[in-house]
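# Summary of the model geometry
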Amino acid sequence: MDTVIQISQIIMSVALLLTFVRVVRGPSLPDRVVALELFSTTVVGLVGVYAIKSDVASFLDAAIVIALMGFLAAIAFARFLERGGPRDD
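Now for a quick tour of the structure. (Residues numbered from 1 in each chain as written. Predicted model: local features only at pLDDT ≥ 70, side-chain atom pairs only at ≥ 80, totals over all residues. Heavy atoms only, no water.)

Helices and strands together make up the secondary structure of the chain, namely three helices and zero strands. The N-to-C order of helical and strand elements in the chain reads α-α-α. The C-alpha radius of gyration of the chain comes to 16 Å, more than 25% above the 12 Å expected for a compact globule of 89 residues. A principal-axis box enclosing the C-alpha atoms of the chain has dimensions of 55 × 25 × 15 Å. Going through the 89 residues of the chain one by one, you find that 22% of them count as buried. Carbon and sulfur atoms provide 69% of the accessible area of the chain, an area that totals close to 6,500 Å². (Helix = DSSP H or I, 4+ residues; strand = E, 2+ residues; numbered from the N terminus. Rg over C-alpha atoms; globule rule 2.2 N^0.38 Å. Buried < 20%, exposed > 50% of the residue type's maximum accessible area, 1.4 Å probe, protein only. Areas by Shrake-Rupley, 256 points an atom, 1.4 Å probe, with all protein chains shown as cover.)

Pasting the structure below:
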């Protein structure tokens with residue numbers, strides 16, 4: 001069981017690194033926002049795996065909060081684009 005958890009953590013850590021690269025180098029704003037959404041989803045997965053490893057259920061509450069914040073950020077970006085995006089006022 002520990003081997004599976006360690007492999008999961010390694011794979012998700014690599015995914016976080018690659019996602020961070022996309023956030024920094026993303027060619028456009030929507031690419032960066034999608035990468036941030038993926039970043040928060042991967043962090044939720046890491047926290048969930050750590051909660052399983054440590055057998056502490058309180059970490060799942062933190063994962064739920066992170067997931068809700070990522071969802072609200074996606075909604076905020078969608079509203080931002082709906083209203084016309086960035087302006088040069």
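So that's the structure; there's more coming.
Take helix 1 (residues 2–25) next. Along an α-helix, residues three or four positions apart point the same way, because every turn accommodates 3.6 residues. Its 24 residues give helix 1 an end-to-end C-alpha distance of 35 Å, which sits within 8% of 34 Å, the value for a rise of 1.5 Å per residue. Summarising the contacts, the buried residues of helix 1 are in contact with helix 2 (29–54). (Expected span 1.5 Å × (residues − 1). Contact = heavy atoms within 4.5 Å.)

For Asp-55, which is not glycine, the phi torsion reads 60° and is therefore positive. Positionally, Asp-55 belongs in the loop between helix 2 and helix 3 (58–82). On the accessibility criterion, Asp-55 (68% relative accessible area) is exposed.

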